[in-house]
Amino acid sequence: MNKAARIISVLFHPLIMPSLGFLLLFNSGTYLAYLPFDYKKMILLVVVLCTFVIPLSTMPFFLYQKMIFDINLSQTRERFAPLVITFILFILCYFLLKKVPIPPDYLTFCLGCAASVFVVLLVSSKWKISLHMIGIGGLAGLISYLIIKMQVDLGFYLILTILAAGLTGTARLLLNAHKPSEIYAGFLAGLIIIPSVMFFFN
């Protein structure tokens, strides 16, 4: 059971969520999807590098320096340096995308992701809120935003995301990585922050 929980934790790692969010925007069935294919490739490359590959590539250094003990940042005191680096990279991603003539929803989603990391950075000094659940909650928040603002039927994606959130939350509990309150708070934080930023800045 613990092995399955670890696999789920890796599959739904929070750093994967921004890339999944952009893929969702590319295939949302709204005007946001009507970008040239070359634009989509360039945008996805920037997003994957800044929000997944580079942050993840810093983990061996932090592990070697014994600043962290696993890539899931299970201990509260492990979180500060990786989250600062991740926040800076998310902001860099936002400014790189700002140079491309794309709909503002792409930019505000990226900004929402950065805001989520910043909130975690603030909260983690006192409390071990779930990074996994903020990530997947943010994806659910993005889908909710598209459903409300664009009036598009993405109910199937929302159901899949909620099921994935349930699996992820259960996995984190089975691994004793979090308390239930940290799981629920993480999901709600992601669910609220992403659409709030997107509605406010669009």
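Use the structure listed above.
Note that the coordinates shown come from a computational prediction; the quantities given were computed from them, not determined experimentally. (Residues numbered from 1 in each chain as written. Predicted model: local features only at pLDDT ≥ 70, side-chain atom pairs only at ≥ 80, totals over all residues. Heavy atoms only, no water.)

Draft legend 1. View of the overall build of the chain. Helices and strands together make up the secondary structure of the chain, namely 9 helices and 0 strands. Ordering the α and β elements of the chain from the N terminus gives α-α-α-α-α-α-α-α-α. Referenced to the eigenvectors of the C-alpha coordinate spread, the extents of the chain come out at roughly 45 × 35 × 30 Å. Counting all 202 residues of the chain, 50% fall into the buried class. In the chain, once contacts between residues fewer than 6 apart in sequence are set aside, the share between residues at least 24 apart is 75%. Summing over all exposed atoms, the chain offers an accessible surface of approximately 10100 Å²; the carbon and sulfur share of this is 73%. Of the charged side chains in the chain, 14 are positive and 6 negative, and the gap between their average positions amounts to 8 Å. (Helix = DSSP H or I, 4+ residues; strand = E, 2+ residues; numbered from the N terminus. Buried < 20%, exposed > 50% of the residue type's maximum accessible area, 1.4 Å probe, protein only. Contact = heavy atoms within 4.5 Å. Areas by Shrake-Rupley, 256 points an atom, 1.4 Å probe, with all protein chains shown as cover. Lys, Arg positive; Asp, Glu negative; His and termini not counted. Charge placed at Lys NZ, Arg CZ, Asp CG, Glu CD.)

Draft legend 2. Focus on a nonpolar patch on the surface. A contiguous nonpolar surface patch, about 530 Å² in accessible area, is contributed by Phe156, Tyr157, Ile159, Leu160 and Leu163. Structurally, Tyr157 can be placed in helix α8 (residues 155-174). (Patch = residues over 30% accessible without salt bridge, like charges linked within 9 Å, V, L, I, M, F, W, Y side chains within 5 Å. Salt bridge = Lys/Arg side-chain N within 4 Å of Asp/Glu carboxyl O.)

Draft legend 3. Representation of helix α7 (residues 131-150). For α7, spanning 20 residues, the distance from its first C-alpha to its last is 28 Å, which sits close to the expected 28 Å at 1.5 Å a residue. Counting buried positions along α7 yields 16 of 20 residues, so the element is predominantly enclosed. With a side-chain oxygen lying 3.1 Å from the backbone nitrogen of Met133, the N-terminal cap of α7 falls on Ser130. Directly beyond the C-terminal end of α7, a positive phi value near 55 degrees is found at Gln151. (Expected span 1.5 Å × (residues − 1). Polar contact = N/O pair within 3.5 Å; in protein donor to acceptor, adjacent residues only side chain to side chain.)

Draft legend 4. Layout of the packing of aromatic side chains. Per the stated rule, a full pass over the model turns up 8 aromatic pairs. Summarising the aromatic geometry, the rings of Phe26 and Tyr106 are spaced 5.8 Å apart at their centres and angled 40 degrees between planes, so their arrangement reads as tilted. Linking Phe26 in helix α2 (residues 17-26) with Tyr106 in helix α6 (residues 104-123), this pair joins segments that are 80 residues apart in sequence. Accessibility assignment for this pair places Phe26 and Tyr106 in one class, buried. Aromatic pair Phe200 and Phe201: ring centres 5.0 Å apart, planes at 80 degrees, arrangement edge-to-face. A connected cluster of aromatic rings, assembled from ring pairs, spans Phe22, Phe26, Tyr106 and Phe109. (Phe/Tyr/Trp six-rings, centres within 6.5 Å; stacked < 30°, edge-to-face > 60°.)

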